[in-house]
Amino acid sequence: MCGIVGYIGNKDAREIILNGLEKLEYRGYDSAGITLRNNTADTFNVYKDKGRIAHLKSIVDYSYDSGLGIGHTRWATHGIPNYANSHPHYSKDSRFFIVHNGVIENYKELIATYLQGSVFASDTDTEVIAHLIERFSAKMSVSEAIRKTMSLLEGSYALAIIDRDNPHKMYAAKNKSPLLIGLSDHGIIVASDVMACVGYAKEYIPLDDKSFVEVDGASYKIKDIIGKPMEHDVKEIDIDASNIEKGEYAHFMLKEINEQPGVIRNILQRYFKDGKVTLNGPIKEALQETDRIYIIAAGTSMNAGFVGKQIFEKMANIPTEVHIASEFAYNMPLLTKNPLFIFISQSGETADLRAVLVNIKAKGYRSLTITNVKTSTLAREADHFVEIMAGPEIAVASTKAYTAQIAILGILAYGLSDGHINLYKELSRVAISMENIIDKREYIESLVKDYLTKRNCFYIGRGIDYYTCLEASLKLKEISYIQTEGFAAGELKHGTIALIEDNTPVIAIISQRDISKNTRSNLYEVKSRGAHTLVISTKSVHDQDDQIIVDDVHELFSPMLTVIPSQLIAYYAALARGNDIDKPRNLAKSVTVE
Ligand code: F6R
């Protein structure tokens, strides 16, 4: 989703901002822009357009020194992706330049109340903010004008602002959209993601909602909306720059698929000591005391949550429900007396989840976030958090986070189980078996060429395999654009089987011993209606004609293995179609709007 990078200092703002924006490319965007101060002429220049950062780089002027600027990658919400709607936007007299992440819900009301007759250059909600600040600054200081504007805005915003008339200052403001300031001895960075600071700053300050920052040269003040100083923590940036490079791989997605065995081993190292889980006491207590877990998540993380439901119910005996965050936020079901909310989110920034977290916190319920980003909003705001240790996931399509999330859910449940599963041993076997599948990637690529020749595809499975089918189909559709659905195999004959025609690809996932025969019957039903079938099965239930056979592990953890061929299938299907694998169309890595 949108990205912000601003810089003030004595290094080259152009380089820091453009490099920072490139590091945020993985989040998904459709336009990019930058405002730079020409130090010598004391003028401000805006470069922006629809398209990639590579295009932005080709239109920026490199002939002058610049120590101040703000940049943006835009994922369109209000107004199509084009020059006019790209950020930075500016006020009527081009005094204030502004970049914005988030959505201003009341921008039309603000125009009607304060800006009647104003002419706008774009269709965005953002431009209104620049106009308001300029209007208010006629009667008050710029800081007061920004804080007054903040008090009127409804919705979410992360803002970086430059004032043409005071080139030694930069401002920032935040509510509901992530924003931080990066600290270095050469200058100060404002960014929506700590990734943008890697290589340029060693420390950063995550900003709280409704905070306002005034950067004056090398110093900064963080205040609340009425101008009172706010407390803040300074944190170390501990991201290794080599972790956010592709290295020898053609795509981040392939790199991340390959990293999965290593991630599982990291998790084992971090959360086990002498075969026992080392979870902190309050988390164990929260799990022991709850009468029902409510897993709240979206997309791939929700698919991991479905596996988590099986794990909590079968290993720890805790009734568990899984909910789509965006539905739960505004349509909460009846809850039990002592619910525990588990938020699963790779990014830790998904706005749909945050809306639920804010809501349940206000009601006094306990919360736990499972995330890959320990500095994220959801990690900070929940009562507890557990890190999945997957390392930065850059490809938009989530792979290693999914398997890591399942491992963590297993670890949480294990602390309460009777120990009949040796989880350490099971997960160690998973890691080795993952390697065995990844080693066969060229074979999987050859299958894809043969099978995925149509515009649609189905994944079918039962029980826990059905949940893997949901994830497998999401992966395939999001990067190959093949219309793919995951179905409970037994449900096909109640309607969907009507879609099966000659050569329709149907991929079955079969790992559960007690119901494998039933899934096979459903497979014959589609085969006899012309489907081109492919089977991913485990050794103990395989048939000799099955194309992809993976090792046996405990059934509850089989999704961590059966999902891997499906990730590779998606990858190679997208590769064969020449798609932008790491940045699929219309998608964003971190979905920070509801
Ligand atoms: C799919 C994918 C998305 C995310 C979803 C939630 O590959 O990545 O479906 O899983 O947008 O994001 P997080 O996990 O960051 O909350």
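Residues numbered from 1 in each chain as written. Predicted model: local features only at pLDDT ≥ 70, side-chain atom pairs only at ≥ 80, totals over all residues. Heavy atoms only, no water.

**Considering helix H5 (residues 142-152)**
Where we set the bar: Relative accessibility decides the category of a residue: with a 1.4 Å probe and only protein chains considered, values under 20% of the type maximum give buried, values over 50% give exposed, and everything between is partly exposed. Secondary structure elements are defined from DSSP: runs of H or I of at least 4 residues count as helices, runs of E of at least 2 residues count as strands, and each element is numbered from the N terminus. We call two residues contacting when some pair of their heavy atoms lies within 4.5 Å.
Burial of H5 is extensive: eight of the eleven residues sit out of reach of the surface. Taken residue by residue, H5 has Val 142, Ser 143, Ala 145, Ile 146, Arg 147, Thr 149, Met 150 and Leu 152 as its buried positions. In this fold, the buried residues of H5 make contact with strand S6 (96-101), helix H3 (107-114), helix H4 (126-137), strand S7 (157-163), strand S8 (169-175) and strand S12 (211-216).

**Here's the deal with the site of the ligand**
In plain terms, the rule: Residues are classed as near a molecule or strand on a simple rule: at least one heavy atom within 4 Å of it. Definition of a polar contact: a pair of N or O atoms within 3.5 Å, with one able to donate and the other able to accept a hydrogen when the atoms are protein atoms, and with sequence-neighbouring residues admitted only if both atoms are side-chain atoms. Here, Shrake-Rupley sampling with a 1.4 Å probe gives the accessible areas, and only protein chains in the shown set may cover a residue.
The local shell around the ligand holds 15 residues, among which Ser 301, Ser 345, Ser 347, Thr 350 and Glu 478 are the closest. Within the side chain of Ser 301, one N or O atom sits 2.6 Å away from an oxygen atom of the ligand. A distance of 2.5 Å separates an oxygen atom of the ligand from a polar side-chain atom of Glu 478. Taking 400 Å² as the accessible area of the ligand by itself, protein coverage stands at 89%.

**Regarding the nonpolar core**
Using the following cut-off: In this text, buried Ala, Val, Leu, Ile, Met, Phe, Trp, Tyr and Cys residues form a nonpolar core when linked through side-chain atoms within 4.5 Å.
Counting residues in each nonpolar core, the largest one holds 124 residues, and the members touching the most others are Ile 342, Leu 412, Phe 557 and Ile 569. Not counting the four nearest positions on each side in its chain, Leu 412 is found in contact with Leu 279, Ile 283, Leu 287, Phe 312, Leu 368, Ile 370 and Val 386. Within the second largest apolar cluster, 24 residues are counted, among which are Ile 98, Phe 136, Val 142 and Phe 212.

**Some details on the side chain of Thr 403**
Tracing the chain through its elements places Thr 403 in helix H13 (residues 400-414). Sequence-distant contacts of Thr 403, that is, excluding residues within four places in its chain, are made with Gln 260, Ile 264, Met 434, Met 560 and Val 563.

**Some thoughts on unusual backbone geometry**
Negative phi is the rule for most residues except glycine; trans is the rule for most peptide bonds. The step from His 87 to Pro 88 runs through a cis peptide bond, and the omega angle for that step is 0°. Among the secondary structure elements, Pro 88 is positioned in the loop between strand S4 (68-74) and strand S5 (89-90). The phi dihedral of Asp 274 falls on the positive side, at around 50°, and the residue is not glycine. Looking at the secondary structure, you find Asp 274 in the loop between strand S15 (272-273) and strand S16 (276-277). Overall, the relative accessible area of 74% leaves Asp 274 in the exposed class. Of note in the backbone geometry, Asn 503 takes a positive phi value of approximately 70° without being a glycine. Relative to the assigned elements, Asn 503 resides in the loop between strand S23 (483-488) and strand S24 (505-510). Residue classification places Asn 503 among the partly exposed positions, given a relative accessible area of 43%.

**Thoughts on the side chain of Ser 91**
Within the secondary structure layout, Ser 91 lies in the loop between S5 and S6. A distance of 3.0 Å separates the side chain of Ser 91 from the backbone nitrogen of Phe 96, its partner in a polar contact. If we ignore the near neighbours within four places in the chain, the residues touching Ser 91 are Phe 96, Ala 130, His 131 and Glu 134.

**Notes on the packing of H3 against H4**
Stated formally: Working convention: axes come from line fits to C-alpha atoms, limited for helices to the stretch in contact. Angles between N-to-C directions cover 0 to 180 degrees. Working definition: roughly parallel below 35 degrees, roughly antiparallel above 145 degrees, roughly perpendicular at 65 to 115 degrees, and oblique for all remaining angles. The sense of a crossing depends on the near helix, which, turned anticlockwise from the far helix by less than a right angle, makes the crossing left-handed and, turned clockwise, makes it right-handed. Ten residue types, Ala, Val, Leu, Ile, Met, Phe, Trp, Tyr, Cys and Pro, are classed as nonpolar, four, Asp, Glu, Lys and Arg, as charged, and the remainder, Gly among them, as polar.
Taken N-terminus to C-terminus, the directions of H3 and H4 make an angle of 30°; their axes are 10 Å apart at the nearest point. By the criterion of interaxial angle, the relationship of H3 to H4 is roughly parallel. With respect to the hand of their crossing, H3 and H4 are arranged in left-handed fashion. Along its contact with H3, which presents Tyr 107, Leu 110, Ile 111 and Tyr 114, the element H4 presents Val 128, Leu 132, Arg 135 and Phe 136. Looking at the contact of H3 with H4, its residues break down into seven nonpolar, no polar and one charged.

**Some details on helix H11 (residues 351-362)**
Worth spelling out the cut-off: What a helix is expected to span follows from its residue count: subtract one and scale by 1.5 Å.
End to end, H11 covers 17 Å across twelve residues, agreeing with the expected 16 Å (1.5 Å per residue, within 8%). The set of residues buried in H11 consists of Ala 351, Asp 352, Leu 353, Arg 354, Ala 355, Val 356, Leu 357 and Ile 360. Where the residues of H11 are buried, they touch strand S17 (292-297), helix H10 (325-328), strand S19 (339-345), strand S20 (366-371) and helix H12 (377-381). Of the residues trailing H11, Gly 364 is marked for its positive phi of about 85°.

**Thoughts on the state of the cysteines**
Structurally, a disulfide amounts to a covalent bond that connects the sulfur atoms of two cysteines. How we decide: In what follows, a disulfide is any cysteine sulfur pair within 2.5 Å.
Scanning all chains against the criterion turns up zero disulfides. Not part of a disulfide, Cys 457 finds its nearest cysteine sulfur in Cys 469, a span of 10.0 Å.

**What to know about the sheet that holds S5**
The following threshold applies: When DSSP finds two or more bridges between a pair of strands, those strands are recorded as paired.
Strand order in this open sheet of six strands is S5-S6-S7-S8-S12-S13, and the pairing throughout is antiparallel. Strands with a single pairing partner mark the edges of an open sheet, and in this sheet they are S5 and strand S13 (219-223). For S6 and S7, the ladder comprises six bridges, and the chain directions are antiparallel. Paired with Ile 98 across the two strands is Ile 161, which belongs to S7. Running over the sheet, H4 touches S5, S6 and S7 and is turned about 140° from S6. Set on the sheet, H5 makes contact with S6, S7, S8 and S12; between it and S12 the angle comes to about 160°.

**A closer look at the domain arrangement of the protein**
A common way to report how large an interface is uses the accessible area buried once the components associate. Our working definition: Throughout, the edges of the domains are those of an automatic or database domain assignment. When two parts are put together, the accessible area they lose, computed with a 1.4 Å probe and summed over both, is reported as buried area. Here a salt bridge means any side-chain nitrogen of Lys or Arg lying within 4 Å of a carboxyl oxygen belonging to Asp or Glu.
Split by domain assignment, the protein resolves into domain 1 (3-242), domain 2 (246-435) and domain 3 (440-580). Using C-alpha coordinates to define each centre, domain 2 is positioned 25 Å away from domain 3. Every contact between the two is made by 33 residues of domain 2 and, on the other side, 26 residues of domain 3. Between domain 2 and domain 3 lies a buried interface of about 2600 Å² when both sides are counted; carbon and sulfur atoms form 72% of it. In this structure, the connection of domain 2 to domain 3 is made through zero salt bridges.

**Describing the packing of aromatic side chains**
Just so we agree on the cut-off: Stacked, tilted and edge-to-face are the three classes applied to pairs of Phe, Tyr and Trp rings, where Trp contributes its six-membered ring and a pair requires centres within 6.5 Å; stacked means planes under 30 degrees apart, edge-to-face means over 60, and tilted covers the rest. We call a charge positioned over a ring when the NZ of a Lys or the CZ of an Arg lies within 6 Å of the ring centre and within 35 degrees of the ring normal.
Per the counting criterion, the structure on display carries 14 aromatic pairs. For the ring pair Tyr 90 and Phe 97, a centre distance of 6.0 Å and an interplane angle of 65° mean the geometry is edge-to-face. Taking relative accessible area as the criterion, Tyr 90 reaches 28% and is therefore assigned partly exposed. For Phe 97, a relative accessible area of 4% translates into the label buried. One aromatic cluster in this structure is built from Tyr 294, Phe 328, Phe 341, Phe 343 and Tyr 365. Over the aromatic face of Phe 136 sits the side chain of Lys 148, whose NZ or CZ is 4.9 Å from the ring centroid.

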